[in-house]
Structures are given as structure tokens and as C-alpha cells.
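Commentary on secondary and tertiary structure
One-letter residues, chain by chain:
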Protein chains: 2
Amino acid sequence: MEMDKTLEKVFELIEAKKYALVREELLENNEADIAEIVEEVNDNIDTEKAVILFRMLPKDISASVFSYLSTDCQMDIVGGITVKEVQNIMEEMSFDDMIDVMEELPANVVDRILMRTDKETRKLINQFLNYPESSAGSLMTIDYIGLKKEMKVRDALNFIKIHGMDQETVYTCYVMDNERHLEGIVSLKTLVVSEGYEVIKDIMHEDVISVNVMDDQEEVAQIFKKYDFLALPVVDKENRLVGIITFDDIMDVIEEETTEDIERMAGVFDGSGKEYMDIPVLHHVKNRLPWLCVMTISLMITGGIIAHFEDLMSQVIALVAYIPLLNGTGGNAGTQSASLIIRGMAVGEIELRDAARVLWKEMRISFTVGLILSVLNFIKIIVIDREAMLVALTVALGIFIIVMFAKLLGGLLPMAAKRLGIDPALMATPMISSITDMVSVIVYFTLATMIIGFAF
Amino acid sequence: MEMDKTLEKVFELIEAKKYALVREELLENNEADIAEIVEEVNDNIDTEKAVILFRMLPKDISASVFSYLSTDCQMDIVGGITVKEVQNIMEEMSFDDMIDVMEELPANVVDRILMRTDKETRKLINQFLNYPESSAGSLMTIDYIGLKKEMKVRDALNFIKIHGMDQETVYTCYVMDNERHLEGIVSLKTLVVSEGYEVIKDIMHEDVISVNVMDDQEEVAQIFKKYDFLALPVVDKENRLVGIITFDDIMDVIEEETTEDIERMAGVFDGSGKEYMDIPVLHHVKNRLPWLCVMTISLMITGGIIAHFEDLMSQVIALVAYIPLLNGTGGNAGTQSASLIIRGMAVGEIELRDAARVLWKEMRISFTVGLILSVLNFIKIIVIDREAMLVALTVALGIFIIVMFAKLLGGLLPMAAKRLGIDPALMATPMISSITDMVSVIVYFTLATMIIGFAF
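Once a new chain begins, its residue numbering starts again from 1 and follows that chain's sequence as written. Each chain gets a letter, beginning with A, and each ligand a number, beginning with 1, in the order they are written. Totals for whole chains, interfaces and linings use every residue, but because this is a predicted model, local features are given only for residues with pLDDT of at least 70 and side-chain atom pairs only at 80 or more, for both listing and counting.

**With respect to the overall build of chain A**
What chain A contains, in helices and strands, is 22 helices and six strands. Two things to know: the radius of gyration comes from C-alpha atoms, and the globule rule equals 2.2 Å times the number of residues to the power 0.38. For 456 residues, the compact-globule estimate of 2.2 N^0.38 gives 23 Å, and the C-alpha radius of gyration of chain A, at 30 Å, exceeds that figure by more than 25%. Counting other C-beta atoms within 10 Å of its own, a residue is labelled buried from 20 upward, exposed at 12 or fewer, and partly exposed in the gap between, with every C-beta atom placed from the backbone. In chain A, which comprises 456 residues, the proportion classed as buried is 43%. Distance between backbone-placed C-beta atoms decides contact: two residues are in contact if it is within 7 Å. Counting contacts in chain A only where the partners sit at least 6 residues apart, residues at least 24 apart contribute 69% of the total. In DSSP terms, a helix is any run of H or I states spanning at least four residues, a strand is any run of E spanning at least two, and both are numbered starting from the N terminus.

Quick look at the structure:
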């Protein structure tokens, strides 16, 4: 609410070209909020105004504001300022944020920035730019405290006092030998509560959990969630420390992975990491068409199956009115199970070894749900629709069978996908309802032929 | 993978009753992993064996293992050990974890534990037990470092050295006056890099972001995500510090809130915070039936609409085969938009003020998607199905209209819900497809009456 008011005021002041007042208003906010304002100005007015706002910021906070901006807005701003200004911002940013920005910058800007940096840094930047997207390497930073195991606590604290200000975190320190092999970790808490004469090797924690530089970010996120770490060391094949990942980067990863899961489940996967508003219309179209086309094809097959039973339908036209009921109930019943199982696997609650227990649970659930729904429908068709007993029987039996089928399918398909190395989130609404639609009309008309067709 | 092997081994050893070896195997793992093993034994063998395993653990780690267990498993273990043992575990746990457990314990056990604690603690526990579930108060802990602004840095560090070990976090310290009014915060990083003679009030950060004890946990999570905090102070109405919330508790909240969103979107909301496997079959049935019944009712209405056009259908039976196509395409197109908007609002990317932009975007997307799908279907119906031109025209026009309608509905309904204070996640698949099913048959048969009916 407060942000809405601030935005309104800023927009009015820009309109009136009162930039001195805009600056005053801006600086009353903290960096994250200033970034939100710049972002809104860029989205709702234009980039030119956003650049003006950004250039108003004092040097010491502009880098921080920049790192809070979305990638799209960052690139818009970069387009409006000089390479020298970009360079200045980069130098103030933390190493991992800088790498993130560099990955998005046009090649010629990257080249010009690299030309101005020293050889050592240039080599490091190039190395980091080469880590695959969504690998641990692409998330890590090199700004951490490294200690030696022979150090005394008081010397370690002195070292942190001198070097600590520039580091991403000082709360976990990393103990390495001369070849940078990771030997242990020690938290600042431990250092502070220990006596000054104690030696690091006696107080450090040797049983360190680390990830490999090529590990996938999803695995890294699972480890963070399981152990509640503040930071996690990243090592290469020889167990040499190459960087650390901090919890704030992981919170972004978790959010991104969840969004991707939800997108996949709804058949609108984008994968660029961009936000809804920043994705162009034609990209949205491209993301949404494939599943709609799959649905169209499967629904055409469903239609073909229905057409096959034209004779039966023209004899008992009442049957037609219940096709959507069968389709809809099946699709929704299946989606319910699939969503729970997909989420359960995503948060690590349900493992492949639980398949039999999931199946048994879904069987009991679907039996009960199917029974209740079919009885309700049977009564309704007799009492309210006043249809023939045989029609009611066909529909009720059909619902029972399709609910059982849909729930077992929804429970097992995501697990089968995971087993085959396919993303379970693909086995949600579009896929499940495609299959249940086809199966439900087959079941329905087969039942109808057996029950009603027999009577004719 | 490694965990699977460990589990297999533990299960075999339990089978063979070689408990000394089980204990050895257990203690090779860290607390989080031991908890996972106990949990699996409880789920797959029985509680008796899980209790045996739990009792094998050394006193100093059993409390930590206990806090990693799921609530259901905690209660199973509590049922198998003495009240005295429960009390011992509770004393070792951090205050917020202890409160979480107490909220679940049977009243008689809580009473017996309270009887054994001193008056001061008892009062505090009762106060914490009274905070509403999912409020900031229910998440916070009282284990934090409080400082005075007149303190010198060296005295503060000494204070932390003495009291730090028992605190949930020492990385953010809270500066209060004598009435516990929050005056500022200072990070341990700042303390460590400052000189010993500096005074807290000169280095502390005064512009503190805090939450009220009654604020909802979802708001708290948003603040954590926005600012990347390690911890957040919780104050009462008079701005007196009553506790702090740490990032690890918030990661759990974010996961829980996302799971709830996904459950709501699929029409299977549970809300107990329990995991899939821990929810009894009848609870699952109870969670799933309401939406299936809503769907049934709406699908009955859809069926009624279809039945209303019996005459038309018996004349042009070919129309029937395309009903599922219209329903399915509409439902899925709408769900795609709704999922993106719901997620966008959940992560704070899309705000109510963006409604017009969302609408405009969905209009362009749905126009393009609708056009492509309707042309594809028109050609297919003419070329492959060899149906009459008028039937193809009816279906193609129907698809175009229903895709436009569904996408605008999917885009706007979640925002309208939020505006009205209803959870936007309720406006997903079940709701959208209920509405589009009805609308699509009305549109379809109205078009058919106009286009084909006219020809007859």
C-alpha cells in the first residue's frame, strides 16, 4: 500500500519534471525499494526516465540498486548509460551478481569491460562465464574468508577484521591447505565464543558437506533446505575450493524452480527465468501453443471415438449430455492426484521407493471418491433428469471406473516420468486430461453398448 | 542414492535384530540424515522400532534429530517414550522448535511438562502457545542477543562470547532500551570489523525493518525474499522486541505456502501442513470431494445445456464429436493464463495495479493463439474428417471465441479474487474449467443454430 503511494507521487513529480524532488523522494527509500520504483518507471513510463532516475543515485548505492533490478530492466538501463558507468557499477557489485549481469550483456560491452580489467580478474570472469547455466558454478561467488588450520582464533578474527568487509559472508569461514583443498569449516559464531589462543584445527568442523561445481542448482537447493545452511562450499573434482553459494541466491533458485514446475504443470513452460510481464506476446504464444495442439490432437481422437458410436447416440441421444461429465470428472480427479505427487516429489517428501505405498493410498482414495460420486450421479439422473435406469447405471459405472483410472494414472505417471528421467511436472493437467478424455469416452460407450445396446 | 543404500542396510540389521550395528550405522550420519532414517523406519516398519532407534541416540544429538522429524513422526515417538524423556528433549531444543512441538502434544503431556518448568518459562510458553497459527508470533524465537547502545564493541563481543552459544543466531544483534524498545540492529560482521573502543550506537543500523507479532507469515516471507535477511525482529504494538524470526524457519514457510497454493490450484487443499503420506485416506477423500462435486454440478448444467439442443444434434449428429474439443481447449487455455497470473501474484511480480496491462497482454496472446487453433481445426475438419463446410466453420469460430474468453477469464479471475480478499489460487483449473465448459457449449450451440440451423 505504502509503495503504491510512493509510486504515485514519483510518477506525478516526473510528469511535472520536478527531478530534484524525485531524487529526494527516492532517497527516502532503501535500495530494494528504489529498485522497485526504477523498475515501475521503466515499465510504465519509459526507459529514458528510468535512466534519469538511476543516474540521480549516489555512487555508493547505485550498484546495490542495480543488483536488485530484474534482468530486463538491467539491460534497459545499460543501454542508456556509458560503458564507463557500467564498469563502475560492476566494480561495486559482488562477484556473483556481476557474473549474472555479464551473462546477459551484449558481447561488445563485455569485451570492452574485460579490456579494462586486470589479467587475473579477466581470467576468473571468463572461467565463471563458462559454467553451464543452472550449475552450482554459475551460482557461486569467490568472495569468502579462507583460513589456515594452524591459525590461532585471535589471528583468524584479526584476518576477518581486515578482509571481512568485502566478503559476501563472513559467517562461515573455509579452512584450506596450500593447494586450496577444503579441510574444514568454522563459523564466526564458533570463533567468537572460543578463546583467542585456541587453534583453528581444534575447533573446525571437518565433516564438510560440499557440492561439485557442475552439480545442478536443484540438488544444491535440496541440500540447503535439508540442512538449513547459510552457505555451502563448491569444490572441483580434486576437492579444491572454487567458491561458495549463499542462502540468498538459493532462495531465488527455489522460487525459480517452483515457478518452472507450476509453468510445466499448466503447459506454459518458458524457462528463460523472465517474469510474465517481461515475456513478449509472441513468446507467450509459442509457450502455450504446443500443449494446446497436443490437446487438440488428443481431443480429435476423442471426437473420432465418439463419432464411431453415432448409431448408439442417435438411438439414445440422452447419452450425449453426459460426455462432458465423464471427461471433466476424469480429468479433474487425475489432476488432483498428479499435483499432489508432483509437489511431494519436488519437495523431496515422496521418493521413487514409495511407489507401492502411493499406489495403495490412491487406490483406497479413488475407490471411496469414485463410489460417492457415482452414487450421487445415479440418484440425480433418476430423480432430477428422469432418465431411464439403464442410462443412470451406465453413467454411474462409467464415473466410478474413470475416477479409479484417473487417480491411479495421476499417481503413477509422475513417478514413472521421474524414473525415466523426464520432469514429473510434465505429467500434470494437459497430459492427464488428454489421456483420461480418450479413456473415458471409450469406457463410457463400451459400457453403454453393453448395458443399453443390449436392451435395444 | 547413498541414502537408499544406508536405509537398506539399516532395515536388514533391524530385521536381524543386530541393534549394536544399527547404532554404529546411525551415528555415521549427521542429525538431518538420522532423522530421515528414523522417519523411514517409522513409516515402513513400525513405531516400536523407530522408538528403539531414537533411544539409542546420545543425549546431545537426540534433541536435534527430534527437531528434524516430521510432526507426525514426532508424535509417534512421544507416544513411545516417557514424559521425563520428552521433557529432556524439550530442554535441549531451541525455543521456537519446542513451541512447535508443544502445539501438537496432547494436553495432558503439555500440562505435565509445564508442571516441571519454572514459573517464568511457564508464563512465556503459555504466551507463545496463544499466538495464532501462521502469525509472526508463532514463528519467532526468544533466543537472540540483545545489546545496549552505550556498550563498547569489545564489551558487546565479550557478551556474545559468553551468551552466544545458546542463541538461535548471533549474526544479527538487537539494540534495545530498558523498556525493550527496539532502537537498532548491528550485525556480528560489523562488530568484528569495528575497533574495540567504538560504541554500539555509532555503528548500529537505526532504520530497522520489523514485523508485528500478529502479522501473517506470508507477509513475513515476502519481506525476507525482498531484502535477503538472515533474521527479522518481531515487535509488539509498542515497538517492544518480543522475538526474532530466522531465515531457516522462513524457508519452511515459503515451501508450505507454495504447497498450499499448488493444492488450492488443483482443488485438493489440505491446510494441515501435513505431508501426502501422513494424511489419512479419509482426509484425502474429504479434501478432494468438494471440488469434484462442484465440477459435477457444473458439468450437469453443461449436460443440461447440451440436452436442450437435442433436436439440433439429432439433425447434425457430427456436431457431438466436437463437444470435448471445445470444452478441453477452453479449459486448458484458461488454466494456462490463470496459473501464470496466480504464480506471478504469489511471488509479488504482478500487482493489482497491473490489471489493465495483464488484460491487454492476454488479449493479444489469446487472439493469436485462438486464430492459429481455429484455422488448424477448420482445415482438419474439412480435409481429414470430410465434414460439411458449415460444421467446420461452427467449430473453428467456436474455438476462437472460447480461447479468447477463457484466457481473459483466466487472467482476470485471480486478480478479481485478490481484490475481493479471496485466495487467487482458488481460481485455477477446477473453477476455470467449470465456467468455460458451460460457456463453450452455449457458444458452440448458439453458433451452430445460427450457422447450421439456418441452413436446415
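**Considerations on the interface of chain B and chain A**
Contacts between chain B and chain A engage 86 residues on the former and 86 residues on the latter. For the side of chain B that touches chain A, the element with the highest residue contribution is helix α17 (residues 281-308) of chain B, accounting for 15 residues. For this classification, Asp, Glu, Lys and Arg are treated as charged, while Ala, Val, Leu, Ile, Met, Phe, Trp, Tyr, Cys and Pro are nonpolar and the rest, including Gly, are polar. Taken together, the residues of the side of chain B that touches chain A sort by class into 45 nonpolar, 21 polar and 20 charged.

**With respect to the packing of helix α1 (residues 2-15) of chain B against helix α2 (residues 19-27) of chain B**
All names here are of chain B. As a rule, the C-alpha atoms of each element are fitted with a line to give its axis, helices using only the stretch in contact, and angles between N-to-C directions run from 0 to 180 degrees. Running from amino to carboxyl end, α1 crosses α2 at an angle of 160 degrees, the nearest separation of the two axes being 8 Å. Comparing their axes, α2 and α1 come out roughly antiparallel. In this structure, α1 crosses over α2, and the sense of that crossing is left-handed. Across the interface between the two elements, Thr 6, Lys 9, Val 10, Leu 13 and Ile 14 of α1 pack against Leu 21, Val 22 and Glu 25 of α2. Grouping the amino acids of the contact of α1 with α2 by side-chain chemistry returns five nonpolar, one polar and two charged. Angular relationships are summarised with four words: roughly parallel below 35 degrees, roughly antiparallel beyond 145, roughly perpendicular across 65 to 115, and oblique for the angles in between. By convention the crossing between two helices is left-handed if the near helix lies anticlockwise of the far one by an angle smaller than a right angle, and right-handed if it lies clockwise.

**Details of the relation of the copies chain B and chain A**
Least squares is used to superpose the copies, and the fit set is the C-alpha atoms of residues whose pLDDT is at least 70 in both copies. Superposing chain B onto chain A takes a rotation of 180 degrees plus a shift of 0.0 Å along the axis, which leaves an RMSD of 0.1 Å. Those values place the two copies in the arrangement expected of a two-fold rotation axis.

**Examining the environment of Gln 315 of chain B**
Positionally, Gln 315 of chain B belongs in helix α18 (residues 310-315). Sequence separation between Gln 315 of chain B and Ile 452 of chain B is 137 residues; the distance between their C-alpha atoms is 10.0 Å.

**Quick notes on the packing of helix α20 (residues 355-383) of chain A against α17 of chain B**
Packing of α20 of chain A against α17 of chain B leaves a shortest axis separation of 10 Å and a crossing angle of 35 degrees. The handedness of the crossing between α20 of chain A and α17 of chain B is right-handed. Contacts between α20 of chain A and α17 of chain B involve Lys 361, Arg 364, Ile 365, Thr 368, Val 369, Ile 372, Leu 373, Leu 376, Asn 377 and Lys 380 of chain A on the former and, on the latter, Val 281, His 284, Val 285, Arg 288, Leu 289, Leu 292, Thr 296 and Met 300 of chain B. Of the residues contributing to the contact of α20 of chain A with α17 of chain B, the split by class is 10 nonpolar, four polar and four charged.

**Notes on the nonpolar core**
For this entry, the nonpolar core is defined as buried Ala, Val, Leu, Ile, Met, Phe, Trp, Tyr and Cys residues connected by C-beta atoms within 7 Å. Counting residues in hydrophobic clusters, the biggest one holds 130 residues, and the most contacted among them are Val 38 and Ile 245 of chain A together with Val 38 and Ile 245 of chain B. Dropping the residues within four chain positions of it, Ile 245 of chain A is found in contact with Ala 136, Leu 139, Met 140, Val 220, Ala 231, Leu 232, Val 234 and Ile 250 of chain A. Listed in part, the 122 residues of the second largest apolar core include Leu 319, Val 320 and Tyr 444 of chain A together with Met 404 of chain B.

**Brief notes about the sheet that holds strand β1 (residues 146-147) of chain A**
What links the strands of a sheet is backbone hydrogen bonding, and the strands pair in either a parallel or an antiparallel sense. All names here are of chain A. Reading across the sheet, the three strands line up as β1-β2-β3 and stay open at both edges, with mixed pairing between neighbours. Looking along the sheet, the strands with just one partner apiece sit at the ends: β1 and β3 (182-187). Examined bridge by bridge, strand β2 (residues 172-176) and β3 share five bridges and lie antiparallel to one another. In the sheet register, Val 175 faces β3, and the bridge partner there is Gly 184. A strand pair is defined by DSSP finding two or more bridges across the two strands.

**What about the sheet that holds strand β4 (residues 211-212) of chain A?**
All names here are of chain A. Spatially, the three strands line up as an open sheet ordered β4-β5-β6, and their pairing is mixed. Both edges of this open sheet fall to β4 and β6 (241-246), since each of them pairs with a single strand only. Across five bridges, the pairing between strand β5 (residues 231-235) and β6 is antiparallel. Bridge pairing in β6 links Val 234 to Gly 243. Together, β5 and β6 form the strand contacts of helix α16 (residues 247-265), whose direction differs from that of β6 by roughly 65 degrees.

**Things to note about the domain arrangement of chain A**
Residue ranges for the domains trace back to a domain assignment, done automatically or taken from a database. What the domain assignment reports for chain A is domain 1 (2-130), domain 2 (146-246) and domain 3 (276-453). Here the C-alpha centroids of domain 2 of chain A and domain 3 of chain A sit 52 Å apart.

**Observations regarding the pairing of β5 of chain A**
Residue and element names in this part refer to chain A. Counting buried residues along β5, four of its five residues qualify, which places the element largely inside the surrounding structure. For β4 and β5, the ladder comprises two bridges, and the chain directions are parallel. Across the sheet, residue Asn 212 finds its bridge partner in β5, namely Val 235.

**Quick notes on the pairing of strand β6 (residues 241-246) of chain B**
The buried fraction of β6 of chain B amounts to five of the six residues, a majority that puts the element mostly inside the structure. With antiparallel pairing between neighbouring strands as the criterion, strand β5 (residues 231-235) of chain B and β6 of chain B make up a hairpin whose turn holds five residues, including Asn 239 of chain B at a positive phi of roughly 60 degrees.

**Looking at helix α7 (residues 83-92) of chain A**
Residue and element names in this part refer to chain A. All of the buried residues in α7 are Val 86, Ile 89 and Met 90. Buried residues of α7 fall within an arc of 100 degrees about the axis and therefore sit on the same side. Of the surrounding elements, those touching the buried residues of α7 are α5 (59-68), α6 (71-80), α8 (95-104) and α9 (107-116). The arc under discussion is defined with respect to the helix axis, by the directions toward the C-beta atoms.

**Some points on the environment of Met 300 of chain A**
Relative to the helices and strands, Met 300 of chain A is located in helix α17 (residues 281-308). You can call Met 300 of chain A partly exposed: it has 19 C-beta atoms within 10 Å. Residues in contact with Met 300 of chain A, not counting those within four places in the same chain, are Leu 325 and Lys 380 of chain B.

**Here we look at unusual backbone geometry**
One non-glycine residue with positive phi stands out, namely Asp 228 of chain A, at about 55 degrees. Note on placement: Asp 228 of chain A falls in the loop between α15 (217-227) and β5. Note on Asp 228 of chain A: 15 C-beta atoms within 10 Å, which makes it partly exposed. You will see that Arg 180 of chain B, though not glycine, has its phi angle at about 65 degrees, which is positive. One can find Arg 180 of chain B in the loop between β2 (172-176) and β3 (182-187).

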